[in-house]
Amino acid sequence: MFTQVYGDNGKMKEYHYTGPVEHRFSPYSFNGGTVLAVAGEDFAIVASDTRLSEGYSIHSRDSPKCYKLTNTTVIGCSGFHGDCLTLTKIIDARLKMYKHSNNKSMTSGAIAATLSTILYGRRFFPYYVYNIIGGLDEEGKGAVYSFDPVGSYQRGTYKAGGSASAMLQPLLDNQIGFKNMEGVQHLPLNQEKAVQLVKDVFISAAERDVYTGDALRICIVTKEGIKEETVPLRKD
Amino acid sequence: MALASVLQSESVDFSNYGRQRHGFASGLYEAELGLESVGGDRLSFALSTSCSNEDGPDRKIEFLHGTTTLAFKFQHGVIVAVDSRATAGSYIASQTVKKVIEINPYLLGTMAGGAADCSFWERLLARQCRVYELRNKERISVAAASKLLANMVYQYKGMGLSMGTMVCGWDKTGPGLYYVDSEGNRVCGDLFAVGSGSMYAYGIVDSGLKQKDLTVEEACDLGRRAIYQATYRDAYSGGQVNLYHVHSEGWTRVSQSDVLMLHQQYQAEKA
């Protein structure tokens, strides 16, 4: 929670502002962080940075934003950390309930549909979380589901979310979607290339976004299971 | 209310959690997030002016006011054409949004306004239509389906839902087309275009529909052209043109064309 300092026009005031201020309680706070997911033919990658910030401060350098849900699904949540924690707790509870009622784990597509309903249940006081689910579908193919804070979702092959999303998404459009390139062969993405691309992309994001940095946590989902890798990033 | 009762069936007591918070949240919420400003603009489809706020709760929800969707009836059914762009402020969140929702094999719904609002309520409508089919042993009519949707969202009138949808289908009275929105409007008609690019689309379709007896091919071309022209002039519409045709057997997905490809095609035809 964070008491925002507002001036007359409703915009947040500068750091060294002196003069009359109106203190207003906001139930939300922005804790930064970037999340990225890429789907391949038989794998999916979910990556996030591990910096937790608030305003001009860094609360923690080791707060990853990817959460393992099942053996075939990982979710990345960025935005307001309080809502991220509660939302992941609720998703875990729903996963358990499903497992107990139906005697099987939820598939990635089912988790995505359930999350959409959970988010829409709070339509009038939303979870301030940008979610991206990465995992394998029933056929073993990679799947990425990206959400907005109130539950609208779509399946795709790649998506960036969080504070540096506007910087990363165009780069992914070019490198994975081959957008704005003419006369180029569309090569399918293999796992090694995808991991290298994710590392490069986060290094770029850490250069230009204050809320992204410290370390990068990569979760690689394959039919063998989930492998985690940590790569250091700029700490400034 | 409908929302709470639906969600209660799936979860244990998360709906109570939401309900208690509502009193605390509503006054605060409207001040912080400014969603109610959307309601007044509904029919004129003016672009939301909250784009100017910085990152934060203000502009996080994807609203598809910037969109162009159209549907028109003709001799052989209904043509439904939509663009595929979603914007969050001035950032293009996605160029591949599916703005046509397949309610069931003979009913389609279009999406304009809040993406989550449209997809959630139309998914709920699909469930209600299925229940109707099971109870009455016959398919639901387009008029009844659109009425169910209108009545569901009317309970939330004034609370900030943003939805402008066209329910299109074929029932025993022939082709059906209804415009339903979150303000409570429900109108039957032969032609509707919804969204920021709607005026451009109307121009194309109105001139093309002068010849009464269109073939399926011509009608599809008209719908595609109308959306293309709207994406050309409207900054908030773009991506791909998704085209569906509703006929007596149900709906068929006719085509998905990238606007850039269409541009090159039309330029070549001009030459």
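Rules used throughout
- Numbering of residues starts from 1 in every chain and runs along the sequence as written.
- For this description, chains carry letters from A and ligands carry numbers from 1, given in the order in which they are written.
- Under the rules for a predicted model, residues below a pLDDT of 70 receive no local features and side-chain atom pairs below 80 are neither given nor counted, while totals for whole chains, interfaces and linings still include all residues.
- Side-chain figures throughout are based on the complete set of non-hydrogen atoms in the structure, without hydrogens or water.
- Per the convention used, a helix needs a DSSP run of H or I reaching at least four residues, while a strand needs a run of E reaching at least two, with both numbered from the N terminus.
- Between buried and exposed lies partly exposed: a residue is buried under 20% and exposed over 50% of the maximum accessible area for its type, with that area taken using a 1.4 Å probe on protein chains only.
- Every residue pair with non-hydrogen atoms within 4.5 Å of one another is taken to be in contact.
- Note on areas: these come from Shrake-Rupley sampling with a 1.4 Å probe, and a residue is covered only by the protein chains present in the view.
- Here a polar contact means two N or O atoms within 3.5 Å. Within protein one must be a hydrogen donor candidate and the other an acceptor candidate, and residues neighboring in sequence count only if both atoms are side-chain atoms.
- Within this scheme, the nonpolar core is defined by two criteria: the residues are buried Ala, Val, Leu, Ile, Met, Phe, Trp, Tyr or Cys, and they are joined through side-chain atoms within 4.5 Å.
- A residue's pLDDT is the confidence the predictor assigns to it, expressed on a 0 to 100 scale.

Remarks on the overall build of chain B
Line of reasoning, step 1. If you tally the helices and strands in chain B, you get 8 helices and 14 strands.
Line of reasoning, step 2. In chain B, buried positions account for 53% of the 271 residues.
Line of reasoning, step 3. Of the contacts formed within chain B by residues at least 6 apart in sequence, a portion of 64% connects residues at least 24 apart.
Line of reasoning, step 4. Accessible surface, chain B: about 12200 Å² in total, of which carbon and sulfur atoms supply 52%.

As for the environment of T117 of chain A
Residue and element names in this part refer to chain A.
Line of reasoning, step 1. One can find T117 in helix α2 (residues 108–121).
Line of reasoning, step 2. Residue T117 is classed as buried on the basis of its relative accessible area, which comes to 13%.
Line of reasoning, step 3. As for T117 and S152, which are separated by 35 residues in sequence, their C-alpha atoms are 9.2 Å apart.
Line of reasoning, step 4. Of the polar contacts made by the side chain of T117, one reaches the backbone oxygen of A113; its length is 3.0 Å.

Some remarks on the nonpolar core
Line of reasoning, step 1. L107, W121, C129, L149, L161 and M163 of chain B are the most contacted members of the largest nonpolar core, which has 32 residues in total.
Line of reasoning, step 2. For this core, the elements supplying multiple residues, two or more each, are β6 (100–104), α4 (115–136), α5 (142–154) and β10 (174–181) of chain B.
Line of reasoning, step 3. With 9 residues, the top contributor of residues to this core is α4 of chain B.
Line of reasoning, step 4. Apart from the residues lying within four places of it in its own chain, the contact partners of L149 of chain B are W121, E122, L125, M163, T165, V167 and V180 of chain B.
Line of reasoning, step 5. Counting residues in hydrophobic clusters, the runner-up holds 24 residues, among them A160, L168, V195 and V201 of chain A.

Some words on the confidence of the model for chain A
Regions with low pLDDT carry predicted coordinates that are not meant to be interpreted in detail.
Line of reasoning, step 1. Per-chain confidence: chain A averages 91 in pLDDT, with 93% of residues scoring 70 or above.
Line of reasoning, step 2. Mean pLDDT per element in chain A: strand β1 (residues 2–6) of chain A is the minimum at 52, and helix α1 (residues 81–102) of chain A is the maximum at 97.

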